[in-house]
Each structure stands twice: as structure tokens, then as C-alpha cells.
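Listed below, chain by chain, are the residues.
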Amino acid sequence: MKEIVSVSLENDMDLILAHKRVMKVCELTGFSLIIQTSIATAISEIARCAIEHGEGASLKLGIDGTATRKYLVARIEDSIDFSLKCQEALNYAKRLVGNIEVIKTPKGIQIMMKHLLNFSGTFTPGKIDSYADYFKNEPAISPYDELRRKNLLLQEFADKIRDSEDDYRTLTDSLPLMMFTLNNRGQLTYSNKWIEQFLGIPPKEITAAAWQNIVHPDDYATFNRAVTAALQKATPLKGQYRLKEKGSGNFVWHMITALPLKNEKDAQVKWMGFMVDIDAHRLAEKTLKDNMDLKEVQEKLFENQQELQTKIVELNRSNYELEQFAHLATHDLQEPLRKLFFYADALKTKYHDKFDASGLNMLKNMTNAVSRMKELITDLLNYSQLHQQKLDFNPVDLNVTVQDILKDFEITIQEKRALFDIGPLPLVNGHALRLRQLFSNLISNALKYSKKEVVPHIQISVSQTDEKFVFLVKDNGIGFEPQYKDRIFGLFERLHTRDQFPGTGIGLSICKRIVELHHGHISATAVPGEYSAFEIELPMAAVVN
Ligand code: ADP
């Protein structure tokens, strides 16, 4: 049925109103005055009975039917069945209009009167709406009627508000974010279902104090400051904080936003806000950042490697050039040096008488300088040669090697009365000459850096594991500060002045190079004033059994 107007049936004033409206609807829909009166009387009779025996009945007037056959319908509804008490009224009404039906529904009762309309096809929906409009603008018939109409209007508004609130709640509940409103004191006035679902706290228990247990302890101070400032200044609040999830007990990152809302007089009245789960976003952001950092580090590393590679190439080239230069220089210098030596010697022997004391002294200084230069050049040449050649390995009996060396140092050993303690040494696969140079340099140093008043005691021993031989050359000499144990293997590195001990600072560099050419390792330990010990590891692979 398309409704035109309705009347609630509560008291006698409603009865008058119902009668009046039925008459008007009948008039508008084109019934004659006689039929108008019959219908209005019949309906009024039932309405009177409904007011008396029913519980808040209502009368609805409208039009129903097909496109070509339409009826005027008057329907009185109530939640309780009052019809039994109204048989008389119903019979009377039936006599007046005929077509009256009593329908029992689960919601109560409906008493329906239908009357065929003349010119059924002309009752378009637009026309029916215009009848309804008539009643909307119908002048009030009494102060009571006026009041009723206002009440109805209010009711209508209330329904609309409730509907819109329902819509709002449905909307906020269907959005996957926690929404809330606060009053100006920061108290929760509304929260959607997600808030309770996430926090596990009923909205009325979410007081200002409760937030301390909700927000992560590390974030709470910042959160509290931001909320207090926002409430005081009525400025928007926006921040990222971790909130405790009821189910897992985990803290989940959320973006919390709260905006101050103003009324039409521009006064700030409440707050509306939402909390969005940004945990995945934060994680993605962090991973991305970590990745980016990692990428940056990798790029840097790659750059450094490239740089290192270039430097190594440069270094190798310059080392090579340097070695070439050292080799050529030392080689070419030897001849003029020999001549210098020869002439200095000749001057000294042949023209000795021609020099006075100072001239002779100068001559002596010159010979010393030339000797030193020769020594330096020989050592340098030795050292540079080590870089030039690839060594051919042969079995070398180190017992023989060491004995030969001791013969070389015979005079010094006698002078110093040096004692040697030499264990049986193995046969190794190596370069005989270079191995001799190695042990010779070490023994020479052990004799040279001995203590003046103490008899030098030099031990040469070997121990072995499955993979390597470990040789030890140890003296009881002046030793050195352990901090210099690596530096002494550097080219020209010396811990003593030439006045104290002669030398070029090349000997141990040569030792290191020879050991490396034998795929081994050399290291030193010392205690100042007590001893120095040099340990040489040679891998078994380079060794003949
Ligand atoms: P040098 O020609 O000066 O002996 P080396 O390269 O052989 O050059 O030795 C480097 C420095 O190491 C020496 O100047 C010396 O100070 C120290 N050194 C080497 N061997 C010993 C040792 N057995 N005892 C104490 N110091 C030593």
C-alpha cells in the first residue's frame, strides 16, 4: 500500500482527527459525499473500539492495487487482538461498507477496509504523493492536533537521528580502524567495536589513567605530553605510538590522530580521532631502511675494494719499478765504488807521507764512508735480487749449512768466546744459498747484539708438527722492547744507532723475504737485557724427509 496519511488512535481527539482525515481522503480520491460519510462512519466505529480496547493502535490510509484496479485502503493495526471485543462495531461497519477483513498477524491484528476507486488508472504514484503532501501541510485543527503534529515531527527527527547514528556506527565498525570521540576533558564518549576488540577493555573503563597500561612504557611520556598539549591548545594530535594488543600481549605500532571539532558558534566542543595499525608499514619501512643501509655499506665496500685493487696494482708496479731501480742502481754503483776504494787505498799507501794529520783523518773518514756504502749496496743488491728471481728448490742439509756459517764467523766467535748449542737439524727442500743467508743473518745478529760483559750463548733448535718445522734461533744478548717485534723486519728499520752497532737495517728484511719464498713465516720475541728469539716456521710441503 502507498500511504497517504496516518493517525494514531489513543483518545477521543484522535477519533475526531481520524474521521476528518477519512472524509478528506475520500473527497480527494473522488468519492461522493454519501460514500465519504459511510466510509468515515464505518472506520470511526472500529477506531473508537480500538481506542477503547487496544494498546496504541494506529490508522493508515492509502492506495493499493494494480495499474488498472486501485482501492482506497484503511488499515487499523494494533499489537493486541481487540477484535473480539468489537464484534458489534465490526458488524455495523460491514453493513455500511461491506468489504472489511480481520487479519491476525504475528505482530498483532490488522482490520482492513478496501473500497474500489473510480477511474483507477488515473491514480499515478505522483498523484498519491500530492495527497500525502496535502496532509503534511494540512492546517491544524486544534491546539491538541498542533501538539500532536509537532510530536510526530519530533519523533520522525529522533528516528532519523537514530538511523543516522546507526549508520555512523555501522560505518565506523566496518572501517578497519579504531575510531573514537572525546570530550574536552579527554574522556571517551564514543568508541567503535575495534577499540574494545583490540584493547580488550570495555569503553567505560578506558579512562585517562588506563592509557598508561595501553601505551608502550617507552612511548608513554611522549604520548602523555602530546595529549596534554593538544587538549590545552585545542590543536590536532598526531603521533606514532605502540599500543598493547589484548590477545597477544604484543605492542603494535599505531598512528593516533585526534582532531578538535567546533560547533556552529566556532567553540571547540569535542574531539574525534582514529588509530590506524601501521605495524606492517613500520616493519616494511625499517626493512627497507636496513636494506638501504646494507646496500650503502655494500656499495661502499665495493668502492673500497676497487680502490684497494687499484692501489695494489699501483703498489705492485711501483714496487717492481723500485726493485728494478734498486737492482740497477746498486749494480751500476758497484764499479765506481770499487774504483773509489782502490784510489782511497792507493792514496793511503802510496802518498801516506804527503798528508798531514788532518788530511790523513779525512782520508780515513773517506775510506769508512766508502766501506759503509759498499756494505749498504751489497745488502741492497742482495735484497733486490730476492725479488728478481724465482727460487729453485733442492734438498738442503741444514746441519751442514749452519756449520759452514759458523766457519765464516770463526774469528768473531773466538773473539767473543761465543757458545753455540745446536740441535740436530733436518733436511729441508729449499734454496741452499738463500737458506744459508737466512741463518747467517740471524747468527750474525745474535753475535752482534750480544752483551759486552756476558759470553754470548746462542741456541739453534728445531721442533716439528705434522705440517711444519719450527726453528728457533735464540741468544742471550741485549734483546729489545717487544713492541718492536714486527717493525724490525721492515727495510732500513734499526733499533740502534751505528755508533752503538754497525749495520744497514736490511738483514732481517732479507730473512723475512727468504722465509716467505719458502712459504713460511718468521717472528720475533725478546726481553730487553735478556734475550732475543727468532722463530721460523717452514711448512713440511717444502721439506724433504
Ligand atoms: P742491522 O743491519 O741493523 O742488524 P737487521 O735488519 O738485521 O739490521 O736488524 C734490524 C734491527 O733489529 C737491528 O738494528 C737491531 O736493532 C734489531 N735486532 C736484530 N737482531 C737482533 C738481536 N739478535 N738482538 C737484538 N736486537 C736485534
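Fair warning: this is a prediction, and the values are worked out from it, not measured in the lab.

Thresholds applied
Residues numbered from 1 in each chain as written. Predicted model: local features only at pLDDT ≥ 70, side-chain atom pairs only at ≥ 80, totals over all residues. Heavy atoms only, no water. Helix = DSSP H or I, 4+ residues; strand = E, 2+ residues; numbered from the N terminus. Rg over C-alpha atoms; globule rule 2.2 N^0.38 Å. Buried < 20%, exposed > 50% of the residue type's maximum accessible area, 1.4 Å probe, protein only. Contact = heavy atoms within 4.5 Å. Lys, Arg positive; Asp, Glu negative; His and termini not counted. Charge placed at Lys NZ, Arg CZ, Asp CG, Glu CD. Domains from an automatic or database assignment. Buried area = accessible area lost by both parts, 1.4 Å probe. Salt bridge = Lys/Arg side-chain N within 4 Å of Asp/Glu carboxyl O. Core = buried A, V, L, I, M, F, W, Y, C linked by side-chain atoms within 4.5 Å. Pairing = 2+ DSSP bridges. Disulfide = S-S within 2.5 Å. Axes fitted to C-alpha atoms, helices over the stretch in contact; angles between N-to-C directions. Near = heavy atom within 4 Å. Polar contact = N/O pair within 3.5 Å; in protein donor to acceptor, adjacent residues only side chain to side chain. Areas by Shrake-Rupley, 256 points an atom, 1.4 Å probe, with all protein chains shown as cover. Nonpolar A, V, L, I, M, F, W, Y, C, P; charged D, E, K, R; others polar. 1 Å grid on protein atoms, 1.4 Å probe; cavity = no way out; pocket = protein on both sides within 12 Å on 5 of 7 lines; lining within 4 Å. Points joined across faces, edges and corners; volume = space filled by probe spheres on them. Phe/Tyr/Trp six-rings, centres within 6.5 Å; stacked < 30°, edge-to-face > 60°. Lys NZ or Arg CZ within 6 Å of the ring centre and 35° of its normal.

Quick look at the overall build of the protein
Piece 1. Scanning the protein from N- to C-terminus turns up 14 helices and 17 strands.
Piece 2. Computed over its C-alpha atoms, the radius of gyration of the protein comes to 59 Å, more than 25% above the 24 Å expected for a compact globule of 545 residues.
Piece 3. The C-alpha extent of the protein, read off along each of the three principal axes, is 175 × 55 × 45 Å.
Piece 4. Split into buried and exposed, the 545 residues of the protein put 36% on the buried side.
Piece 5. A sequence separation of at least 24 residues applies to 63% of the contacts in the protein between residues at least 6 apart.
Piece 6. Placing the 67 positive and 71 negative side-chain charges of the protein at their respective mean positions leaves the two points 3 Å apart.

Some thoughts on the domain arrangement of the protein
Piece 1. Per the domain assignment, the segments making up the protein are domain 1 (2-138), domain 2 (175-277), domain 3 (281-388) and domain 4 (390-543).
Piece 2. Look at where the C-alpha atoms of domain 3 and domain 4 centre, and you get two points 23 Å apart.
Piece 3. Counting residues at the interface gives 11 residues for domain 3 and 14 residues for domain 4.
Piece 4. Counting each side, the surface lost to burial between domain 3 and domain 4 is near 1100 Å², with a carbon and sulfur contribution of 65%.
Piece 5. Sorting the residues of domain 3 by area buried against domain 4 places Arg372, Tyr383 and Leu386 first, and these three jointly supply 52% of that buried surface.
Piece 6. There are zero salt bridges connecting domain 3 and domain 4.

Considerations on the nonpolar core
Piece 1. Grouped together as the largest cluster of nonpolar side chains are 43 residues, with contacts concentrated most on Leu438, Phe471 and Ile536.
Piece 2. Tallying contributions element by element places helix H13 (residues 432-448) first for this core, with seven residues.
Piece 3. Two domains each donate at least three residues to this core, and these are domain 3 (281-388) and domain 4 (390-543).
Piece 4. Leave out the neighbours within four places in its chain, and Ile536 touches Leu438, Phe439, Leu442, Phe469, Val470, Phe471, Val515, His521 and Ile522.
Piece 5. Counting residues in hydrophobic clusters, the runner-up holds 42 residues, among them Val25, Ile39, Ala50 and Val97.

Regarding the pairing of strand S15 (residues 468-475)
On a regular strand, each side chain points to the face opposite its neighbour's, so the side chains alternate between the two faces of the sheet.
Piece 1. In the sheet, strand S14 (residues 457-464) pairs with S15 via six bridges, with the strands oriented antiparallel. Bridge pairing links Ser463 to Val470 in S15.
Piece 2. In textbook terms, the turn of a hairpin is the stretch between consecutive antiparallel strands, and for S14 and S15 this stretch comprises three residues.
Piece 3. For S15 and strand S17 (residues 531-539), the ladder comprises eight bridges, and the chain directions are antiparallel.

Observations regarding the state of the cysteines
Piece 1. Inspection of the entire model under this criterion finds one disulfide.
Piece 2. For Cys49, the disulfide goes to Cys86, at an S-S distance of 1.7 Å. Taking the torsion about the S-S bond as the criterion, the Cys49 to Cys86 disulfide, at about -95°, is left-handed. Highlighted residues: Cys49 in helix H2 (residues 33-53) and Cys86 in the loop between strand S3 (70-78) and helix H3 (87-97), separated in sequence by 37 residues. Each member of the pair Cys49 and Cys86 is classed as buried.

Here we look at the sheet that holds strand S6 (residues 178-183)
Piece 1. Read from one edge to the other, the open sheet built from five strands follows the order S7-S6-S10-S9-S8, with strand pairing classed as antiparallel. The sheet terminates laterally at strand S7 (188-191) and strand S8 (237-244), the two strands that pair on one side only. Taken pair by pair, the neighbouring strands of this sheet meet at an average axis angle of 25°, ignoring direction.
Piece 2. Note: strand S9 (residues 251-262) against strand S10 (residues 268-277), nine bridges, orientation antiparallel. Bridged to Leu261 within S10 is Lys270.

With respect to the site of the ligand
Piece 1. The environment of the ligand is formed by 19 residues, the closest being Asn445, Tyr449, Arg494, His496 and Leu508.
Piece 2. Between the ligand and His496, the relevant distance is 2.7 Å, taken from an oxygen atom to a side-chain nitrogen or oxygen of the residue.
Piece 3. A distance of 3.0 Å separates an oxygen atom of the ligand from a polar atom in the backbone of Gly505.
Piece 4. Isolated, the ligand exposes 520 Å² of accessible area, and the fraction of that covered by the protein chains is 98%.
Piece 5. Going through the elements one at a time, H13, helix H14 (507-517) and S17 are the ones with two or more residues in the shell around the ligand.
Piece 6. Broken down by class, the residue content of the shell around the ligand amounts to seven nonpolar, eight polar and four charged.

Description of the environment of Gly121
Piece 1. Tracing the sequence through the fold places Gly121 in the loop between strand S5 (108-116) and helix H4 (125-136).
Piece 2. Taking the C-alpha atoms as reference, Gly121 lies 68 Å from Ile214; in sequence the two are 93 residues apart.
Piece 3. Leaving out residues up to four positions away in the same chain, Gly121 has contacts with Ala67 and Thr68.

Comments concerning empty space enclosed by the protein
Piece 1. Under the definition given, this model contains one cavity of 30 Å³ or more.
Piece 2. Taken as a whole, the largest cavity spans an internal volume of roughly 40 Å³.
Piece 3. What lines the largest cavity is simply Ser6, Val7, Ser8, Leu17, Arg21, Asp145, Arg148, Arg149 and Leu152.
Piece 4. Looking at the lining of the largest cavity, the elements that each hand over two or more residues are strand S1 (2-9), helix H1 (12-28) and helix H5 (143-174).
Piece 5. Counting residues per element, the lining of the largest cavity draws most heavily on H5, at four residues.
Piece 6. For the lining of the largest cavity, a count of residues per class yields three nonpolar, two polar and four charged.

Side note on the packing of aromatic side chains
Piece 1. If you walk through the whole model with that rule in mind, you get nine aromatic pairs.
Piece 2. Their ring planes at 80° and their centres at 5.2 Å tell us that Phe223 and Tyr241 sit as a pair that is edge-to-face. Separated by 18 residues along the polypeptide, Phe223 in helix H8 (residues 217-233) and Tyr241 in strand S8 bring together distant segments of the chain.
Piece 3. The interplanar angle of 70° and the centroid separation of 5.5 Å between the aromatic rings of Phe342 and Tyr343 together place this pair among those described as edge-to-face. As far as the burial class goes, Phe342 and Tyr343 line up, both exposed.
Piece 4. Members of the aromatic cluster, each reached through a chain of ring pairs, are Trp211, Tyr220, Phe223 and Tyr241.
Piece 5. Positioned above the aromatic ring of Tyr71 is the side chain of Lys114, whose terminal nitrogen or guanidinium carbon lies 5.2 Å from the ring centre.

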